[in-house]
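These are the residues of each chain, in order.
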Amino acid sequence: MAENLVIPRHVAIILDGNGRWAKKRGLPRTMGHKQGCVAVEKTVEDAARLGIEYLTVYGFSTENWKRPEDEVGALMQLFRYYMVRLLKIAKANNVRVRMIGDRRRFASDIIEGINRLEEETKENTGLTFVIAVNYGGRDEIRRAAIQFAKDVKAGLVEAEALTEDMFASYLDTAEIPDPDLLIRTSGELRLSNYMLWQMAYCEFYITDCYWPDFNKEELVKAIEAYNKRERRFGGVKK
Ligand code: IPE
Ligand code: IPE
Ligand code: MG
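From a predicted model like this one, the values you see are computed outputs, not experimental measurements.

## A short note on the overall build of the protein chain
Argument step 1. If you tally the helices and strands in the protein chain, you get seven helices and six strands.
Argument step 2. In the protein chain, the succession of α and β elements from N to C terminus is β-α-α-β-α-β-α-β-α-α-β-β-α.
Argument step 3. Relative to the 2.2 N^0.38 estimate, which gives 18 Å for 238 residues, the radius of gyration of the protein chain is 18 Å and therefore close to what a compact globule would have.
Argument step 4. With respect to the principal axes defined by its C-alpha atoms, the protein chain has extents near 60 × 50 × 35 Å.
Argument step 5. Taken over 238 residues, the protein chain has a buried fraction of 49%.
Argument step 6. By sequence separation, contacts in the protein chain at least 24 residues apart represent 77% of the contacts at least 6 residues apart.
Argument step 7. In the form shown here, the protein chain has an accessible surface area of approximately 12700 Å², with 51% of it arising from carbon and sulfur atoms.

Dropping the structure here:
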């Protein structure tokens, strides 16, 4: 039962299978993405109620720009619409919203929407909902390295003084703890460039469920599986 479970502090999700969900029903892929947004909204509410502190959802990768132009366009439209709904949901559920990824590539109205979401929810004290958009783990590390190099050049820090914690503070996830549990839907067994640095000791849970079908029951199942894991972080069983 959910009441007796240890709730992971940070749950990360690779939402996958929107296209397959739609195909199975003879619908266009965009319908899968639309239904996927509904599942995201519900998961934000469920995660907040379960007492998860951080939920990080992979919404659009740096590689997803390679998709057909009409699909990318439809995703951008959906994102515009969804940001407005998300603001309401965040306010109603005391949720703080943050975006990771390089937002500079988006249209200016989308960037404004992202900034507004972060600004208007920053005082909320419940769940921190992190959306990864135009996000790639390698790109995030590359951007962090550029910033560090600039700081070295400006004389703000010595190159040799760089620690792991200091490097982590240059990442988009600065101040966000590493994920404890990664959920990937639709059965793929890969990271697809998600949070490469942060996942060093994360527990993985893969389900065949397509993302639009994901719900509270599935989330609890993942947390139950997490509760059976023996985490070691390189040490031995205590
Ligand atoms: C995940 O579903 C959504 C995004 C990556 C934007 P997909 O669109 O990858 O769905 P499949 O993998 O083709 O089924
Ligand atoms: C990963 O899903 C990216 C997101 C969920 C945003 P993809 O469907 O793009 O990943 P691959 O191509 O199957 O690895
Ligand atoms: Mg996919």
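Next comes the rest of the description.
## With respect to helix 4 (residues 108-121)
Argument step 1. In a regular helix each residue adds 1.5 Å, so 14 residues correspond to 20 Å; helix 4 covers 20 Å between its end C-alpha atoms and thus fits that length.
Argument step 2. Restricting attention to buried positions, one finds in helix 4 the residues Ile110, Gly113, Ile114, Leu117, Glu118 and Thr121. Down the axis of helix 4, the sector holding all buried residues measures 130°, keeping them to one side. Exposed and oriented more than 90 degrees from the buried face of helix 4 are Ser108 and Glu112.

## Remarks on the site of ligand 2
Argument step 1. Neighbouring residues of ligand 2: Ile14, Leu15, Asp16, Tyr58, Gly59, Phe60, Ser61, Asn64, Arg67, Arg184, Arg190 and Ser192.
Argument step 2. Here an oxygen atom of ligand 2 and a side-chain polar atom of serine 192 are 2.6 Å apart.
Argument step 3. Its free accessible area being 380 Å², ligand 2 has 78% of it covered by the protein chains.
Argument step 4. Considering each element in turn, the shell around ligand 2 owes the most residues, four residues, to strand 2 (residues 54-61).
Argument step 5. Across the shell around ligand 2, the residue classes break down as four nonpolar, four polar and four charged.

## Quick look at the pattern of salt bridges
Argument step 1. For the structure on display, the rule yields 22 salt bridges.
Argument step 2. The shortest N-O distance in the salt bridge between arginine 190 and glutamate 188 comes to 3.4 Å.
Argument step 3. Classification of arginine 190 as partly exposed rests on a relative accessible area of 47%.
Argument step 4. Shared partners join several salt bridges into a network, and the residues in it are Asp16, Arg20, Arg184, Glu188 and Arg190.

## Description of the sheet that holds strand 1 (residues 10-14)
Argument step 1. Spatial strand order, 3-4-2-1-5-6: six strands in an open sheet with parallel pairing. Single-partner strands in this sheet number two, and they are strand 3 (96-100) and strand 6 (203-206). Ignoring strand direction, the axes of neighbouring strands in this sheet form an average angle of 20°.
Argument step 2. Looking at chain direction, strand 3 and strand 4 (residues 128-135) are connected through five bridges and run parallel. Of the residues in strand 4, the one forming a bridge with arginine 98 is valine 130.
Argument step 3. Against the sheet, helix 3 (residues 69-92) contacts strand 2, strand 3 and strand 4, and its axis sits at roughly 165° relative to strand 4.
Argument step 4. Against the sheet, helix 7 (residues 216-227) contacts strand 5 (181-184) and strand 6, and its axis sits at roughly 135° relative to strand 5.

## Focus: unusual backbone geometry
Argument step 1. Positioned with a positive phi, methionine 195 is a non-glycine residue whose angle comes to about 40°.
Argument step 2. On the secondary structure map, methionine 195 appears in the loop between strand 5 and strand 6.
Argument step 3. One non-glycine residue, phenylalanine 233, adopts positive backbone phi at about 50°.
Argument step 4. Along the chain, phenylalanine 233 falls in the segment after helix 7.

Rules used in this analysis
Residues numbered from 1 in each chain as written. Chains lettered and ligands numbered in written order. Predicted model: local features only at pLDDT ≥ 70, side-chain atom pairs only at ≥ 80, totals over all residues. Heavy atoms only, no water. Helix = DSSP H or I, 4+ residues; strand = E, 2+ residues; numbered from the N terminus. Rg over C-alpha atoms; globule rule 2.2 N^0.38 Å. Buried < 20%, exposed > 50% of the residue type's maximum accessible area, 1.4 Å probe, protein only. Contact = heavy atoms within 4.5 Å. Areas by Shrake-Rupley, 256 points an atom, 1.4 Å probe, with all protein chains shown as cover. Expected span 1.5 Å × (residues − 1). Arc of directions from axis to C-beta. Near = heavy atom within 4 Å. Polar contact = N/O pair within 3.5 Å; in protein donor to acceptor, adjacent residues only side chain to side chain. Nonpolar A, V, L, I, M, F, W, Y, C, P; charged D, E, K, R; others polar. Salt bridge = Lys/Arg side-chain N within 4 Å of Asp/Glu carboxyl O. Pairing = 2+ DSSP bridges. Axes fitted to C-alpha atoms, helices over the stretch in contact; angles between N-to-C directions.

Everything listed here is a matter of coordinates, which is why it stays silent on function.
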